[in-house]
Amino acid sequence: ALDRAGNLCVTEFAGRRVLVFDRDLALVREWGGPGLDVGQLEQPTGIGVRDDGTVIVGEAGGNRVQLFAPDGTIAGVWGKFGVDPGEFGSAMGIGIHEDLGRVYVADHVNSRIHVYDFDGELLFMFPNDGDFTQIGSEPGQMWLPGGVDVAPDGTILVVDTGNRIAASFDVE
């Protein structure tokens, strides 16, 4: 993910950290480290950067989303392990829609996308809201989403690893 200064922000799964590189790919800063304490990262996968510089990281092993200020200080934590609304079976991809003020999180094992506002309130989930009848390969279903992003027109794009496809969703 790119920040407003053009720095490249990436997660390092094995190193359990966030790395920030400048335009010349020189390391500018890093944070995280292995563990489940707040500020530590356990198998970070997805990353997104808001226009205000907030870095949002999905943790596959930590089953949560952590928010960081641009300097790497912790700014918030969303979710925990589970199947109920707001709980993750492996938080992975992160998509951000600035105009709508939304963050989309791919919940890999629970096969759904969580939609949050910028304050961390869970607005809704799709395609299932906890009943898990929408896991599958039929239109409107998904199985093991790994990545999520938002197109300029608001269409939500999902990498559905279980079905080996990329799918689009138009939800409100």
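Scroll up to find the structure this text is about.
Cut-offs applied
Residues numbered from 1 in each chain as written. Predicted model: local features only at pLDDT ≥ 70, side-chain atom pairs only at ≥ 80, totals over all residues. Heavy atoms only, no water. Buried < 20%, exposed > 50% of the residue type's maximum accessible area, 1.4 Å probe, protein only. Helix = DSSP H or I, 4+ residues; strand = E, 2+ residues; numbered from the N terminus. Pairing = 2+ DSSP bridges. Phe/Tyr/Trp six-rings, centres within 6.5 Å; stacked < 30°, edge-to-face > 60°. Lys NZ or Arg CZ within 6 Å of the ring centre and 35° of its normal. Polar contact = N/O pair within 3.5 Å; in protein donor to acceptor, adjacent residues only side chain to side chain. Contact = heavy atoms within 4.5 Å. Axes fitted to C-alpha atoms, helices over the stretch in contact; angles between N-to-C directions.

Enquirer: Just checking my understanding: could you explain the pairing of strand β2 (residues 17-21) for this structure?
Expert: Residues in a regular strand project their side chains so that they alternate between the two faces of the sheet. With respect to burial, β2 is a largely interior element, 4 of its 5 residues being buried. Examined bridge by bridge, strand β1 (residues 8-12) and β2 share 5 bridges and lie antiparallel to one another. Across the sheet, the residue bridging to Val10 is Leu19, located in β2. Pairing analysis gives 5 bridges linking β2 to strand β3 (residues 27-32), with the strands arranged antiparallel. Pairing of Arg17 across the sheet is with Gly32, part of β3. Hairpin connection, β2 to β3: the antiparallel pair is bridged by 5 residues, and Leu25 has positive phi, about 65°.

Enquirer: Help me out: how do you make sense of the packing of aromatic side chains in this one?
Expert: Aromatic ring pairs are described here by two measures, namely the spacing of the ring centres and the angle between the planes. Under the definition given, this model contains 4 aromatic pairs. Their ring planes at 45° and their centres at 5.6 Å tell us that Trp31 and Phe68 sit as a pair that is tilted. Of this pair, Trp31 sits in strand β3 while Phe68 is found in strand β6 (residues 64-68), placing the two residues 37 residues apart along the sequence. Take Trp31 and Phe68: they sit in the same class, and that class is buried. Here a set of aromatic residues connected by ring pairs shows up, and it is made of Phe124, Phe126 and Phe169. Here the guanidinium or amino end of Arg50 rests over the ring plane of Phe118, the centre of that ring lying 3.5 Å away.

Enquirer: Help me understand the side chain of His97, please; the structure alone is not making it clear to me.
Expert: By the element assignment, His97 lies in strand β8 (residues 91-97). At 3.4 Å, the side chain of His97 and the backbone nitrogen of Asp99 are in polar contact. If near-sequence neighbours (up to four positions away) are discounted, His97 is found in contact with Arg102, Tyr104, Phe118, Val150 and Gly154.

Enquirer: Teacher, can you tell me more about the sheet that holds strand β13 (residues 156-160) here?
Expert: Paired through backbone hydrogen bonds, the strands of a sheet run either parallel or antiparallel to each other. Pairing within the open sheet is antiparallel, and its 3 strands lie in the order β12-β13-β14. Edge positions in the sheet fall to β12 (145-150) and β14 (165-169), since each of these pairs with one other strand and no more. Each neighbouring strand pair of the sheet contributes to a mean axis angle of 20°, computed without reference to strand direction. Bridge analysis of β12 against β13 gives 5 bridges, and the strand direction is antiparallel. Bridge pairing links Asp149 to Leu157 in β13.

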